[in-house]
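Per-entry structural report
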Amino acid sequence: MYLVVFRNRKRADIDADAYAEDAARMEAMAAQRPGYLSFKSYVADDGEVIAISEWETRAAAKAWRAEAHHAEIQARGRAEYYESYTVITCDNPWTHSFP
């Protein structure tokens, strides 16, 4: 498994409707990509967003990152949506489950 953690803060002047539309479209597109496993997003009390996507392999995640329409929306995100972000990745993470 390969994890991608996307920590971000939105800009104060964000077009929330445009962002929601782009985010929904990207989530639907990612779900159709080979190697996609899951996606979840959480908002902290201070407004920071943590989005976690799981992929079968690093190659699958990198292929999604490079997909043309996704790359276009990433550029829009830097220009219009995000105040800041950090991407954290992990290949073959240690996992523990209960039960």
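In short, a report on the structure. Because the structure is predicted, anything quoted here is derived from the model rather than measured.

Describing the packing of helix H1 (residues 16-31) against helix H3 (residues 68-81)
- H3 packs onto H1 with a crossing angle of 155° between their chain directions and a minimal axis gap of 11 Å. Put simply, H1 runs roughly antiparallel to H3. Pair H1 / H3 crosses with left-handed handedness. Contacts between H1 and H3 involve Ala-18, Tyr-19, Asp-22, Arg-25, Met-26 and Met-29 on the former and, on the latter, His-69, His-70, Ile-73, Arg-76 and Tyr-81.
- Of the residues that constitute the contact of H1 with H3, the class distribution is 6 nonpolar, 2 polar and 3 charged.

Examining the pattern of salt bridges
- All chains considered together, the criterion is met by 7 salt bridges.
- Linking Glu-72 and Arg-76 is a salt bridge whose minimum nitrogen-to-oxygen distance equals 3.7 Å. With Glu-72 and Arg-76 both in helix H3 and 4 residues apart, the pair spans about one turn of that helix.
- Residue class for Glu-72 comes out partly exposed when judged on its relative accessible area of 42%.
- Residue classification places Arg-76 among the partly exposed positions, given a relative accessible area of 26%.

Focus: the sheet that holds strand E3 (residues 49-55)
- Spatial strand order, E2-E3-E1-E4: 4 strands in an open sheet with antiparallel pairing. Each edge of the open sheet carries a strand with a single partner, namely strand E2 (36-43) and strand E4 (82-91). Neighbouring strand axes in the sheet, compared pairwise and without regard to direction, differ in orientation by 15° on average.
- When strand E1 (residues 2-10) meets E4, the two strands line up antiparallel, connected through 9 bridges. Bridge pairing in E4 links Leu-3 to Cys-90.
- Relative to E2, H1 is tilted by about 155°, and along the sheet it contacts E1, E2, E3 and E4.
- Its contacts with the sheet place H3 against E1 and E4, and it is angled at close to 140° to E4.

Some words on the pairing of E2
- Bridge count for E2 against E3 is 7 bridges, and the pairing is antiparallel. Across the sheet, the residue bridging to Ser-41 is Ala-51, located in E3.
- If you look at the hairpin formed by E2 and E3, you'll find 5 residues sitting between the two strands, and Gly-47 has a positive phi there, around 95°.

What about unusual backbone geometry?
- The linkage connecting Phe-98 with the following residue, Pro-99, adopts the cis geometry, with an omega of -15°.
- Of note, the phi angle at Asn-92 is positive, near 50°, even though the residue is not glycine.
- Relative to the helices and strands, Asn-92 resides in the segment after E4.
- A residue is classified by how much of its surface remains accessible, and Asn-92, at 58% relative accessible area, is exposed.

Cut-off values and rules
- Residues numbered from 1 in each chain as written.
- Predicted model: local features only at pLDDT ≥ 70, side-chain atom pairs only at ≥ 80, totals over all residues.
- Heavy atoms only, no water.
- Axes fitted to C-alpha atoms, helices over the stretch in contact; angles between N-to-C directions.
- Helix = DSSP H or I, 4+ residues; strand = E, 2+ residues; numbered from the N terminus.
- Parallel < 35°, antiparallel > 145°, perpendicular 65-115°, else oblique.
- Left-handed = near helix turned anticlockwise from the far one by under 90°.
- Contact = heavy atoms within 4.5 Å.
- Nonpolar A, V, L, I, M, F, W, Y, C, P; charged D, E, K, R; others polar.
- Salt bridge = Lys/Arg side-chain N within 4 Å of Asp/Glu carboxyl O.
- Buried < 20%, exposed > 50% of the residue type's maximum accessible area, 1.4 Å probe, protein only.
- Pairing = 2+ DSSP bridges.

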